[in-house]
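What follows is each chain in one-letter form.
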Amino acid sequence: MSGLPPYYFRVKDNGALVFRVDAENRQRRLELDQIATVNVNNGAVKPQGDTILTPADKAAIDAWMAERSATLAARDVDDILRTVDHLNLTAHWAQARATDDQLDAVTDRLLMAMHDLRTVLAKKRADRLQGD
């Protein structure tokens, strides 16, 4: 069982459950002892039960939270870039393959969503330009 990390993070919606990995017990079984719950959104770290987190525990949790935040931020940007691709594919579909009935089914919803997005992006850009 060598080479195991000292901690395991079970990802959940807003963070993770943190476990200390124990492979050096008498039964030589892999045990996961929950030591904390973390929330990436607000940075909260709640020790499990009577657990007192060691400096090593805190350092590992802080490192995981920083890495997780970076991963989630990168995913956000990737999702938006995929949306740009989808918009391009949608434009091609509407121009080349869509039937009148299909266009009737989606046009109003697409136009409203695109108008909303354009309004938000234009306002944000104006705010950034005024801030310079």
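Residues numbered from 1 in each chain as written. Predicted model: local features only at pLDDT ≥ 70, side-chain atom pairs only at ≥ 80, totals over all residues. Heavy atoms only, no water.

1. Some thoughts on the pairing of strand E3 (residues 31–39)
Inference 1: Note that strand E2 (residues 15–22) and E3 share eight bridges and pair antiparallel. Residue pairing across strands places alanine 16 opposite valine 38, the latter belonging to E3.
Inference 2: Note: E3 against strand E4 (residues 45–47), three bridges, orientation antiparallel. Within the sheet, the bridge partner assigned to threonine 37 lies in E4 and is lysine 46.
Inference 3: Once E3 ends, the chain turns through five residues before running back antiparallel as E4, passing glycine 43 with a positive phi of about 80°. (Pairing = 2+ DSSP bridges. Helix = DSSP H or I, 4+ residues; strand = E, 2+ residues; numbered from the N terminus.)

2. Examining the confidence of the model for the chain
Inference 1: Counting all residues, the mean pLDDT for the chain is 94, and 97% of those residues have values of 70 or more.
Inference 2: Looking across the chain, the model is least confident in E2, with a mean pLDDT of 95, and most confident in E4, with 98. (pLDDT = per-residue confidence, 0-100.)

3. Let's talk about the nonpolar core
Inference 1: Counting residues in each nonpolar core, the largest one holds 13 residues, and the members touching the most others are Phe9, Val18, Val38, Ile61 and Trp64.
Inference 2: Here this core takes four residues from helix H1 (residues 55–96), the largest share from any one element.
Inference 3: Excluding anything up to four places from it in sequence, valine 38 contacts Asn14, Gly15, Ala16, Val18, Ala44, Val45, Ile61, Trp64 and Met65. (Core = buried A, V, L, I, M, F, W, Y, C linked by side-chain atoms within 4.5 Å. Buried < 20%, exposed > 50% of the residue type's maximum accessible area, 1.4 Å probe, protein only. Contact = heavy atoms within 4.5 Å.)

4. Digging into the pairing of strand E1 (residues 7–12)
Inference 1: Note that E1 and E2 share six bridges and pair antiparallel. Looking at E2, one finds that tyrosine 7 is bridged to arginine 20.
Inference 2: Between E1 and E2, which follow one another and run antiparallel, lie two residues.

5. Focus on the side chain of arginine 68
Inference 1: Structurally, arginine 68 is set in helix H1.
Inference 2: No salt bridge is formed by the buried arginine 68, whose closest oppositely charged neighbour, glutamate 67, lies at an N-O distance of 8.1 Å.
Inference 3: Not counting residues up to four positions away in its chain, the partners in contact with arginine 68 are Val11, Val40 and Arg75. (Lys, Arg positive; Asp, Glu negative; His and termini not counted. Salt bridge = Lys/Arg side-chain N within 4 Å of Asp/Glu carboxyl O.)

6. Section: a negative patch on the surface
Inference 1: Residues Asp100, Asp101, Asp104 and Asp108 make up a contiguous surface patch of negative charge.
Inference 2: Tracing the chain through its elements places aspartate 108 in helix H2 (residues 100–131).
Inference 3: Taking the relative accessible area as the measure of exposure, aspartate 108 reaches 58% and is therefore exposed. (Patch = residues over 30% accessible without salt bridge, like charges linked within 9 Å, V, L, I, M, F, W, Y side chains within 5 Å. Areas by Shrake-Rupley, 256 points an atom, 1.4 Å probe, with all protein chains shown as cover. Charge placed at Lys NZ, Arg CZ, Asp CG, Glu CD.)

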